[in-house]
Amino acid sequence: MSTDYIIITNTPEETKDLGERLGRLLKDGDIVCLYGELGAGKTTFVQGIAKGLDIKEGFVASPTFVIVNEYKGRLPLYHIDLYRLNSLSEIEDIGILEYLKGKAVTVIEWAEKAEEILPEERLTIYLENPGGGKRKISFKGKGNRFTEILNGLKEHAEHKH
Ligand code: ADP
Ligand code: MG
């Protein structure tokens, strides 16, 4: 799978803004998978997605023990953080397959833990910390839907300047 789009952000706000731009493009049934070490900025990015889905309040940055957070916005958002789960059976027990089928946007942190059961059609985003407050954010999409989303993101970036 090739990398379709790479962006460097310089601050948490820029990462949120990028998430917000993505959030505005999302439709129900879309699945966004986030990869990256602790502190890479996954949750910060999801906070932006929530904003882009017009979720006005109540966003929580993965409090201990909470695996799934549900929010109501322009569309429902299921924010799933698999960090504390270690086996596929534990992941299935949270009802992940139901979430993935829902009329909602599903965003998954530590998506590598659920690799075997994720649908092919999804947006993959890698977040890396090269130091100095920067983050490298790489998007990879498979299928028409995600090509469309990536084109939307690129277009928006070009119009900004
Ligand atoms: P994760 O969910 O990947 O563990 P978080 O989003 O919870 O990461 O935390 C990222 C941390 O890195 C936050 O404390 C944030 O303020 C900090 N940070 C510094 N620079 C950036 C940046 N450019 N983008 C995102 N977060 C950043
Ligand atoms: Mg997180």
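As shown above, the structure is provided for reference.
Residues numbered from 1 in each chain as written. Chains lettered and ligands numbered in written order. Predicted model: local features only at pLDDT ≥ 70, side-chain atom pairs only at ≥ 80, totals over all residues. Heavy atoms only, no water.

(A) Summary view of the coordination of the magnesium ion (ligand 2). The protein atoms donating to the magnesium ion (ligand 2) are Thr43 (OG1) and Glu109 (OE), with metal-donor distances spanning 2.1 to 2.3 Å. Placement of the pair is threonine 43 in helix α2 (residues 42-52) and glutamate 109 in strand β5 (residues 105-109), with a sequence separation of 66 residues. (Donors = N, O, S within 2.8 Å, 3.2 Å for Na, K, Ca; no water. Helix = DSSP H or I, 4+ residues; strand = E, 2+ residues; numbered from the N terminus.)

(B) View of the site of ligand 1. Near ligand 1 lie 16 residues; those nearest to it are Thr15, Gly39, Lys42, Thr43 and Thr44. A distance of 3.2 Å separates an oxygen atom of ligand 1 from a polar atom in the backbone of alanine 40. Threonine 43 places a side-chain nitrogen or oxygen 2.8 Å from an oxygen atom of ligand 1. Protein coverage of the free-state accessible area of ligand 1, which is 570 Å², stands at 73%. Secondary-structure elements contributing two or more residues to the shell around ligand 1 are α1 (12-25) and α2. Among the elements that make up the shell around ligand 1, the one with the highest residue count is α2 (three residues). For the shell around ligand 1, the class distribution of residues is three nonpolar, nine polar and four charged. (Near = heavy atom within 4 Å. Polar contact = N/O pair within 3.5 Å; in protein donor to acceptor, adjacent residues only side chain to side chain. Areas by Shrake-Rupley, 256 points an atom, 1.4 Å probe, with all protein chains shown as cover. Nonpolar A, V, L, I, M, F, W, Y, C, P; charged D, E, K, R; others polar.)

(C) Main features of the sheet that holds strand β3 (residues 68-72). If you walk across this open sheet you meet the seven strands as β1-β7-β6-β2-β5-β4-β3, and the pairing is mixed. Taken across any chain shown, the strands that pair with only one partner, and hence form the sheet edges, are β1 (5-9) and β3. If you compare each strand with its neighbour and ignore which way they point, the axes differ by 20 degrees on average. By the bridge criterion, five bridges tie β3 to strand β4 (residues 76-81) in an arrangement that is antiparallel. Among the inter-strand pairings, asparagine 69 is bridged to a residue of β4, identified as histidine 79. (Pairing = 2+ DSSP bridges. Axes fitted to C-alpha atoms, helices over the stretch in contact; angles between N-to-C directions.)

(D) Broad picture of unusual backbone geometry. Positioned with a positive phi, aspartate 54 is a non-glycine residue whose angle comes to about 60 degrees. By the secondary structure assignment, aspartate 54 is in the loop between α2 and β3. The backbone of tryptophan 110 shows a phi angle near 60 degrees, a positive value even though the residue is not glycine. Positionally, tryptophan 110 belongs in the loop between β5 and β6 (123-131).

(E) The pattern of salt bridges, seen in detail. If you walk through the whole model with that rule in mind, you get nine salt bridges. For aspartate 28, the salt bridge is made with lysine 103, and the minimal N-O distance between the two is 3.4 Å. Of the two residues, aspartate 28 is situated in the loop between α1 and β2 (31-35) and lysine 103 in the loop between α4 (96-101) and β5; the sequence distance between them amounts to 75 residues. With a relative accessible area of 34%, aspartate 28 lands in the partly exposed category. Residues joined in a network through salt bridges with shared partners are Lys27, Asp30, Arg145 and Glu148. (Salt bridge = Lys/Arg side-chain N within 4 Å of Asp/Glu carboxyl O. Buried < 20%, exposed > 50% of the residue type's maximum accessible area, 1.4 Å probe, protein only.)

(F) The environment of lysine 42, seen in detail. Along the chain, the position of lysine 42 falls in helix α2. Lysine 42 sits 73 residues away from glutamate 115 along the chain, and the two C-alpha atoms are 17 Å apart. If near-sequence neighbours (up to four positions away) are discounted, lysine 42 is found in contact with Leu34, Tyr35, Gly36, Glu37, Glu109, Trp110 and Leu127. Among the polar contacts made by the side chain of lysine 42, one reaches the main-chain carbonyl oxygen of glycine 36 at a distance of 2.7 Å. (Contact = heavy atoms within 4.5 Å.)

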